[in-house]
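Architecture at a glance
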Amino acid sequence: MRPFEYVAPTTIDETIALLKGREAARPIAGGTDIVVQMKESRTKFPYPQTVVSLNRVTELQGIDFDASSGLRLGATTGLTEVAGSAVVREHYAALAEGAGVVGSLQTMNMGTIGGNVCNAAPSADTVPPLLIYDAEAVVVGPKGRRTVALDGFFKGPGQTVLGPDELLAELRLPVPAANTGAVYVRHTPRKQMDIAVVGVGVALTLEGGTITRARVALGAVAPTAIRAKAAEAVLEGQPATDETFARAAEAAAAECSPISDVRGSAEFRRHLVKVWVGRLLAQAAERAK
C-alpha cells in the first residue's frame, strides 16, 4: 500500500471542503472495498493521496422512519443495522434481505449501505431492493444538495453520477402502498462470502387480485443493476396469476444483458433470471396478501 494522508472531519461541510481542496481525495466509511483495492493497487480511480474518513460525521448516520414521508437511511449506516432494523424488516423486507447477505458477518459489521451503493458493483445486494422501493439518493457537494433517483445514479461498473467533490449523504424511500409485498433473493454457489451470480428483487401491490404496481430489479446481469421495465409493464393491470408471472419472467430474461465469466455463462444467468423472477413474483403476491 502506498503512502496517503488520513483526515477525519466531523461535519458534512468540512468533508466537502476536504474533498474539494485535496487532489485525489476519496471518502471512506467501512472500507471493505476501497482498502482491499488500495492494498492491491487496483482502484477504479486515481490512487488516493488523501483518505477522508466519514466515521465521525454523525449527519451521515442513522435510520429514521415516518409514516408519511417514508424511510431515511444515512449513508454510513451499517449493513448489520439495516438488516436488523425492526422498521426496515416491517416495511422494507426485501431491503433487509439484501443487506443481510452482503459478504460475511464481519463485512456486514464494517460495511455501510452508502458504500454498497457507491461502489457501483453490478452485483451489489442492496441495490435491487432499493430500486424496487423507488429509492432516491441525496447528494451533497459544493453547490448544495440534489436528489437523484437511484434508477439514474449508476453510469457503469464502479461509476456513479457523483462528482469528485460530492458525497452520498442519505437514501430516501417512500412508504410502500398498502397490500405491497416484496422479496429479494440472490443465487450464489456459497451461502456467504460470495458474489451474486444473479440477484432479483420484486415488489407487487395488489388491489383485489389485480396488480396495480410492479417493480422488478436485477443484479449481476448488466453493467449496472437495472429495473426490468418490460417485465413491469407485463405485470401492471393484470391478474396476479402464475400465467402472468411466467410472462413477466420471460420478459425479464429477454431484457437483461449478462456476460459469461468464471461464475456463470450468460445463458445460465438468463435462465436464473427467468426462474427466480417467476418464483419471487408468486412470493411477493403472497406477502402482499
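Here, every reference points to the structure presented above.
What counts as what
Residues numbered from 1 in each chain as written. Predicted model: local features only at pLDDT ≥ 70, side-chain atom pairs only at ≥ 80, totals over all residues. Heavy atoms only, no water. Pairing = 2+ DSSP bridges. Helix = DSSP H or I, 4+ residues; strand = E, 2+ residues; numbered from the N terminus. Contact = heavy atoms within 4.5 Å. Axes fitted to C-alpha atoms, helices over the stretch in contact; angles between N-to-C directions. Expected span 1.5 Å × (residues − 1). Buried < 20%, exposed > 50% of the residue type's maximum accessible area, 1.4 Å probe, protein only. Salt bridge = Lys/Arg side-chain N within 4 Å of Asp/Glu carboxyl O. Arc of directions from axis to C-beta.

Let us now look at the sheet that holds strand β14 (residues 226-227). Spatially, 4 strands are ordered β11-β12-β13-β14 in an open sheet, and the strand pairing comes out antiparallel. The sheet is open, and its two edges are formed by β11 (180-187) and β14, each paired on a single side. Taken together, the 2 bridges between strand β13 (residues 210-219) and β14 define a ladder with antiparallel strand orientation. Within β14, the residue paired with Ala-217 across the bridge is Arg-227. Contacts between helix α10 (residues 242-255) and the sheet are confined to β12 (198-207), β13 and β14, with β13 contributing the most and set at about 35 degrees to the helix. Packed onto the sheet, helix α11 (residues 266-288) meets β11, β12 and β13 and runs at close to 150 degrees relative to β11.

Next up on the list: α10. The first and last C-alpha atoms of α10 sit 20 Å apart over 14 residues, in line with the 20 Å expected at 1.5 Å per residue. For α10, the complete set of buried residues consists of Thr-244, Phe-245, Ala-248, Ala-249, Ala-251, Ala-252 and Ala-253. Looking at the buried side of α10, the elements it contacts are β12, β13, α9 (229-235) and α11.

This paragraph deals with the pattern of salt bridges. Summed over the entire model, instances satisfying the criterion amount to 16 salt bridges. The shortest N-O distance in the salt bridge between Asp-134 and Arg-215 comes to 3.0 Å. In this pair, Asp-134 is assigned in the loop between α8 (127-132) and β6 (136-141) and Arg-215 in strand β13, connecting sequence segments 81 residues apart. Using a relative accessible area of 27% as the deciding quantity, one classes Asp-134 as partly exposed. What you see here is one network of salt bridges that share partners, running through Asp-64, Arg-72, Glu-170 and Arg-172.

Our focus in this paragraph is the sheet that holds strand β5 (residues 70-74). The 5 strands are arranged β4-β5-β10-β6-β7 in an open sheet whose pairing can be described as antiparallel. Of all strands in the sheet, those with a lone pairing partner are β4 (63-66) and β7 (144-149), marking the two edges. This sheet shows a mean twist of 20 degrees between the axes of neighbouring strands, independent of strand direction. Strand direction decides the pairing type here: β4 and β5, joined by 4 bridges, are antiparallel. Looking across to β5, one finds that Phe-65 is bridged to Leu-71.

Further remarks concern helix α1 (residues 12-21). For α1, the full list of buried residues reads Ile-12, Thr-15, Ile-16, Leu-18 and Leu-19. Seen from one end, α1 has its buried residues packed into an arc of 160 degrees, which puts them on one side. Looking at α1, the residues exposed on the side facing more than 90 degrees away from the buried face are Asp-13, Lys-20 and Gly-21.

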